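Inside the fold
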Amino acid sequence: MRIGLMVGSDKERPRDERLSGLLSDGAAAEASGFSSFWFPQVPGYLDAMTALALLGQATTTIELGTAVVPVQTRHPMILAQQALTTTTACGGRFTLGLGVSHDWIVDGQLGIPYERPAHQLRDCLDVLAAAFGGPGQVDVDNNTCRVHSPVDVTDGTAPPVLLAALGPTMLRIAGERTDGTIVWMADERAIGEHIVPKISTAAQVAGRPAPRVVAGIPVALCSPADVPSARTHASEVLGHAHFSPNYVRLLEHGDAGDVGDTMAAGDEAAVVARLRRYRDAGVTDLAARIVPLGTDVAARVSSRRRTQEFLASLDATW
């Protein structure tokens with residue numbers, strides 16, 4: 001299992017330091033030996049692909065990926081142009097993570113109809129496949145796209161594509177048409193009994209290689225006595241499941257009731273034991289979301305550094 005980092009919005013940083021701070025975080029992750037660095041498209045925050053394109057210029061070896069960009073917010077052709085530009089800026093180290101987001105974001109915040117998201121994703125993948133095939137004319141007519149447009153960005157390799165696939169339909173699409181999945185709020189049982197079997201079967205039937213399973217997992221080193229409060233805190237700061245029906249249905253496949261229950265928390269032995277269970281369930285890539293603990297900024301900075309240094313030590317010996 002490869003070990004990488006996943007970061008999100010950092011509201012403790014002043015706004016004019018958030019982009020430079022993200023670039024510093026990514027460069028530090030590479031220097032520490034992490035295999036990958038994942039950044040989501042958070043509503044109202046830094047644009048994920050723009051930030052990773054800049055980070056591609058500040059790093060040389062680490063994989064850089066979105067986790068994830070909603071397909072509803074960009075025309076597929078514009079998405080393809082931006083993804084190809086970003087992978088060029090990253091020297092071929094960019095991975096495009098896509099998803100269909102949630103109705104409370106797409107419809108509630110952006111006013112875009114949240115209708116038949118899996119169908120919309122399939123149609124988007126048609127355009128991406130054509131555009132990623134190399135410079136030339138892209139001609140795609142399907143239920144949601146009428147694209148007759150040239151693409152002339154790069155002669156280089158197109159980025160791998162991963163889907164945030166939670167349900168059976170999305171897992172089938174991910175296995176049949178992409179390089180794997182990025183999951184969030186999935187515990188070991190949900191991954192091992194639901195996600196891995198379905199996406200692996202779909203990939204096998206389609207004649208594709210075994211899919212990657214990238215799991216976003218909250219992590220915090222702390223004393224055993226602080227584990228319950230750490231789990232509660234993780235659920236509070238990382239979003240409660242009940243806001244998103246997609247996550248509620250995913251949780252039904254495992255033993256977790258909220259994101260905090262998926263957390264690897266406790267002392268070093270406890271964190272390693274939990275991460276090994278994820279590995280044994282079929283996770284190929286850990287995207288560790290460090291949850292800093294403490295009552296003030298200095299304590300949280302110290303907590304983050306301690307957890308990150310411990311995870312980096314695992315990456316070299318896992």
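Thresholds applied
Residues numbered from 1 in each chain as written. Predicted model: local features only at pLDDT ≥ 70, side-chain atom pairs only at ≥ 80, totals over all residues. Heavy atoms only, no water. Helix = DSSP H or I, 4+ residues; strand = E, 2+ residues; numbered from the N terminus. Rg over C-alpha atoms; globule rule 2.2 N^0.38 Å. Buried < 20%, exposed > 50% of the residue type's maximum accessible area, 1.4 Å probe, protein only. Contact = heavy atoms within 4.5 Å. Areas by Shrake-Rupley, 256 points an atom, 1.4 Å probe, with all protein chains shown as cover. Lys, Arg positive; Asp, Glu negative; His and termini not counted. Charge placed at Lys NZ, Arg CZ, Asp CG, Glu CD. Expected span 1.5 Å × (residues − 1). Polar contact = N/O pair within 3.5 Å; in protein donor to acceptor, adjacent residues only side chain to side chain. Axes fitted to C-alpha atoms, helices over the stretch in contact; angles between N-to-C directions. Parallel < 35°, antiparallel > 145°, perpendicular 65-115°, else oblique. Left-handed = near helix turned anticlockwise from the far one by under 90°. Nonpolar A, V, L, I, M, F, W, Y, C, P; charged D, E, K, R; others polar. Salt bridge = Lys/Arg side-chain N within 4 Å of Asp/Glu carboxyl O. Disulfide = S-S within 2.5 Å.

Per an unreviewed UniProt entry, the protein goes by the name LLM class F420-dependent oxidoreductase and belongs to Mycolicibacterium hippocampi.

**Considering the overall build of the protein**
What the protein contains, in helices and strands, is 11 helices and 12 strands. The C-alpha atoms of the protein give 19 Å as radius of gyration, which agrees with the globular expectation for 318 residues (20 Å, within 12%). Taken over the C-alpha atoms alone, the protein extends approximately 60 × 40 × 40 Å along its principal axes. Taken across its 318 residues, the protein has 52% of its residues classed as buried. Counting contacts in the protein only where the partners sit at least 6 residues apart, residues at least 24 apart contribute 73% of the total. A total of about 13,800 Å² of accessible surface is found on the protein, and carbon and sulfur atoms cover 51% of it. The averaged location of the 35 negative side-chain charges in the protein is 2 Å from the averaged location of its 27 positive side-chain charges.

**Brief notes about helix H1 (residues 18-32)**
Here H1 is 15 residues long and its end C-alpha atoms lie 21 Å apart, about the 21 Å a rise of 1.5 Å per residue gives. Regarding H1, the residues found buried are Arg 18, Gly 21, Leu 22, Gly 26, Ala 29 and Glu 30. Structurally, H1 contributes buried residues whose contacts are with strand E1 (2-6), strand E2 (36-39) and helix H2 (48-58). In the stretch just after H1, Gly 33 is the one whose phi turns positive, near 95°.

**Brief notes about the side chain of Ser 36**
With respect to the secondary-structure elements, Ser 36 resides in strand E2. One polar contact links Ser 36 to Trp 38, side chain to side chain, over a distance of 2.9 Å. The residues contacting Ser 36, other than those within four sequence positions of it, are Ile 3, Gly 4, Leu 5, Ile 62 and Glu 63.

**A look at the packing of helix H6 (residues 168-177) against helix H7 (residues 188-205)**
The geometry of H6 relative to H7 is characterised by a closest axis approach of 7 Å and an angle of 45° between their N-to-C directions. Between H6 and H7, the crossing angle belongs to the class labelled oblique. The hand of the H6/H7 crossing is right-handed. Residues Pro 168, Leu 171, Arg 172, Ala 174, Gly 175 and Glu 176 of H6 form the contact with H7, whose participating residues are His 194, Ile 195, Lys 198, Ile 199, Ala 202 and Ala 203. Here the contact of H6 with H7 is built from residues that sort into seven nonpolar, two polar and three charged.

**Describing the pattern of salt bridges**
Following the criterion strictly, the structure yields 16 salt bridges and no others. Measuring nitrogen to oxygen at the nearest pair gives 2.4 Å for the salt bridge that ties Asp 47 to Arg 74. A residue pair is termed long-range when its members are at least 10 positions apart, and Asp 47 in the loop between E2 and H2 and Arg 74 in the loop between strand E4 (69-70) and helix H3 (76-89) qualify at 27 residues. The class for Asp 47 is partly exposed, based on a relative accessible area of 24%. Residue classification places Arg 74 among the buried positions, given a relative accessible area of 13%.

**Notes on the state of the cysteines**
With the rule as written, the count across this model stands at zero disulfides. Just so you know, Cys 145 is unpaired, no disulfide at all, and the nearest cysteine sulfur is the one on Cys 124, 6.7 Å from it.

**Considering H6**
Met 170, Leu 171, Ile 173, Ala 174 and Gly 175 are the residues of H6 that are buried. Packed against the buried residues of H6 are helix H5 (117-131), strand E8 (161-163), strand E9 (180-184) and H7.

**Points about the environment of Ala 51**
You can see Ala 51 is positioned in helix H2. Separated by 28 residues in sequence, Ala 51 and Leu 23 have C-alpha atoms that sit 7.7 Å apart. Those residues within four positions of Ala 51 in sequence are excluded, and the remaining contacts are Leu 19, Leu 22, Leu 23 and Phe 39.

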